[in-house]
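Secondary and tertiary structure notes
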Amino acid sequence: MPASDLSLLIDAAHASGAIARRYWKNSPDFWDKLDGAGPVTEADLEIDRMLTAELRGARPDYGWLSEETEDDAQRLSHEKVFIIDPIDGTRAFIAGERNFSHSLAIAENGRITTAAVFLPMLDKLYVATSGSHALLNDRPITVSSVAIEKANLLAAKPNFEPQHWPGGVPPVKRHFRSSLAYRLCLVAEGAFDGMLTLRDTWEWDVAAGSLIAAQAGATVSDTHGGKPAYNNARPMLKGMIAAGPGLHSGLRARLPD
């Protein structure tokens with residue numbers, strides 16, 4: 001069912017964008033979540049409610065994991081699970097920046113099979129299924145292939161502190177975008193050569209983007225080189241690295257096993 005699932009995610013992504021546009025630069029209410037989990041806005045919650053109704057209504061036999069829905073362990077008993085971030089890059093959204101995204105994915109038995117990432121203010125729709133090449137606005141996209149010495153990498157500054165790199169801090173040029181989903185998609189389209197985040201990462205931040213990057217030719221792993229598995233009881237991964245195969249190997253060689 002990947003093709004019909006993808007159509008479902010694309011329609012839901014566009015509906016998410018329509019809601020986000022109403023709130024963007026329109027002073028949405030926002031507040032900080034508990035335990036330092038970051039900000040949330042009224043737009044996040046409205047999108048989450050819409051997606052819950054539309055996606056779960058269309059696929060009632062699928063489980064549900066969303067950043068803005070209280071987690072329910074019942075999802076662990078489902079073969080297929082929606083993994084959703086209503087707005088990825090909420091701080092960018094609040095600041096009136098354009099590079100926030102809607103991240104929608106479906107996992108089957110722990111592997112992402114269908115993905116859509118939509119940036120409504122940039123009119124960029126990235127999609128992929130496990131059986132198809134990644135697309136940006138219906139055009140095939142492919143990762144870059146550059147040596148580590150010439151690489152442009154998307155990552156937050158703390159990732160390059162020397163204690164993380166027993167093999168030496170990699171000689172790359174660092175860049176940043178707020179949305180992890182968008183970082184993965186920028187790698188997929190070859191606009192940047194790789195991305196990494198070394199800290200534990202929520203599944204909803206990277207589920208969709210990880211498939212899109214992989215189907216564009218990237219090697220995608222956790223920071224230890226393992227293949228990410230989704231719909232875990234604690235829905236976090238041991239970080240993420242996504243890059244062309246050569247760059248990925250060069251980065252992993254400098255990290256601890």
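Residues numbered from 1 in each chain as written. Predicted model: local features only at pLDDT ≥ 70, side-chain atom pairs only at ≥ 80, totals over all residues. Heavy atoms only, no water.

Scanning the chain from N- to C-terminus turns up six helices and 16 strands. Relative to a compact globule of 257 residues, whose C-alpha radius of gyration would be 18 Å, the chain shows 17 Å and is just as compact. Projected onto its principal axes, the C-alpha coordinates of the chain cover approximately 50 × 40 × 35 Å. Considering only residue pairs separated by 6 or more positions, the chain has 61% of its internal contacts joining residues 24 or more positions apart. Accessible area of the chain: about 11100 Å², with a carbon and sulfur share of 50%. Positive and negative side-chain charges of the chain, numbering 26 and 32 respectively, have mean locations separated by a distance of 7 Å. (Helix = DSSP H or I, 4+ residues; strand = E, 2+ residues; numbered from the N terminus. Rg over C-alpha atoms; globule rule 2.2 N^0.38 Å. Contact = heavy atoms within 4.5 Å. Areas by Shrake-Rupley, 256 points an atom, 1.4 Å probe, with all protein chains shown as cover. Lys, Arg positive; Asp, Glu negative; His and termini not counted. Charge placed at Lys NZ, Arg CZ, Asp CG, Glu CD.)

Reported here for the second largest pocket is a volume of approximately 240 Å³. Lining the second largest pocket, in full, are Arg111, Ile112, Ser130, Ser210, Leu211, Ala214, Gln215, Val220, Lys227, Pro228 and Tyr230. No other element matches helix α5 (residues 203-215), which puts four residues into the lining of the second largest pocket. Of the residues in the lining of the second largest pocket, the class split is six nonpolar, three polar and two charged. (1 Å grid on protein atoms, 1.4 Å probe; cavity = no way out; pocket = protein on both sides within 12 Å on 5 of 7 lines; lining within 4 Å. Points joined across faces, edges and corners; volume = space filled by probe spheres on them. Nonpolar A, V, L, I, M, F, W, Y, C, P; charged D, E, K, R; others polar.)

Structurally, Asp88 can be placed in strand β4 (residues 80-88). Here the side chain of Asp88 touches Leu180 through a polar contact of 3.1 Å, landing on its backbone nitrogen. Beyond its immediate sequence surroundings of up to four residues, Asp88 is in contact with Phe100, Ser101, Ser179, Leu180, Ala181 and Asp205. (Polar contact = N/O pair within 3.5 Å; in protein donor to acceptor, adjacent residues only side chain to side chain.)

A few words on unusual backbone geometry. Positioned with a positive phi, Asn137 is a non-glycine residue whose angle comes to about 50 degrees. Topologically, Asn137 is positioned in the loop between β8 (135-136) and β9 (139-140). A positive phi angle is found at Asp138, which is not glycine, with a value near 75 degrees. Looking at the element boundaries, Asp138 is found in the loop between β8 and β9. Classification of Asp138 as exposed rests on a relative accessible area of 70%. (Buried < 20%, exposed > 50% of the residue type's maximum accessible area, 1.4 Å probe, protein only.)

The residue Thr114 is located in strand β6 (residues 111-119) in this model. Within the structure, Thr114 has its side chain in polar contact with the side chain of Thr113 (distance 3.2 Å).

With that settled, consider the packing of aromatic side chains. The description of two aromatic rings rests on the distance between their centres and on the angle between their planes. According to the stated counting rule, one finds six aromatic pairs in the structure shown. Centroid distance Tyr62 to Phe82: 5.2 Å. Interplanar angle 45 degrees. Geometry classified as tilted. Pair noted here: Tyr62 is in the loop between α2 (42-58) and β3 (63-66) and Phe82 is in strand β4, with a separation of 20 residues, a long-range link. For Tyr62, a relative accessible area of 3% corresponds to the buried category. Under the relative-accessibility criterion, Phe82 is labelled buried at 0%. A ring pair is formed by Tyr126 and Tyr182, whose centres lie 6.4 Å apart and whose planes are at 55 degrees; its orientation type is tilted. (Phe/Tyr/Trp six-rings, centres within 6.5 Å; stacked < 30°, edge-to-face > 60°.)

The next subject is α2. Taking 1.5 Å of rise per residue, the 17 residues of α2 would be expected to cover 24 Å, and the 24 Å separating its terminal C-alpha atoms lies within 8% of that figure. Buried within α2 we find Ala43, Asp44, Glu46, Ile47, Asp48, Met50, Leu51 and Leu55. (Expected span 1.5 Å × (residues − 1).)

Ordered by their spatial adjacency, five strands build an open sheet running β11-β10-β12-β16-β14, and the pairing between neighbours is mixed. Every other strand in the sheet has two partners, leaving β11 (173-175) and β14 (219-221) as the edge strands with one partner each. Neighbour-to-neighbour, the strand axes of this sheet turn through a mean angle of 20 degrees, independent of strand direction. Strand direction decides the pairing type here: strand β10 (residues 152-154) and β11, joined by three bridges, are parallel. (Pairing = 2+ DSSP bridges. Axes fitted to C-alpha atoms, helices over the stretch in contact; angles between N-to-C directions.)

If you trace the seven strands from one edge of the open sheet to the other, you get β3-β4-β5-β6-β7-β8-β9, paired in mixed fashion. At either end of the open sheet lies a strand with only one pairing partner, and these are β3 and β9. Alignment of strand β5 (residues 101-108) against β6, held across seven bridges, turns out to be antiparallel. Its bridge partner lying in β6, Ile106 is registered against Thr114. Contacting β3, β4 and β5, α2 crosses the sheet at an angle of about 155 degrees to β4. Each of β3, β4, β5, β6 and β7 (124-129) is contacted by α5, which is oriented at about 100 degrees to β6, the strand it contacts most.

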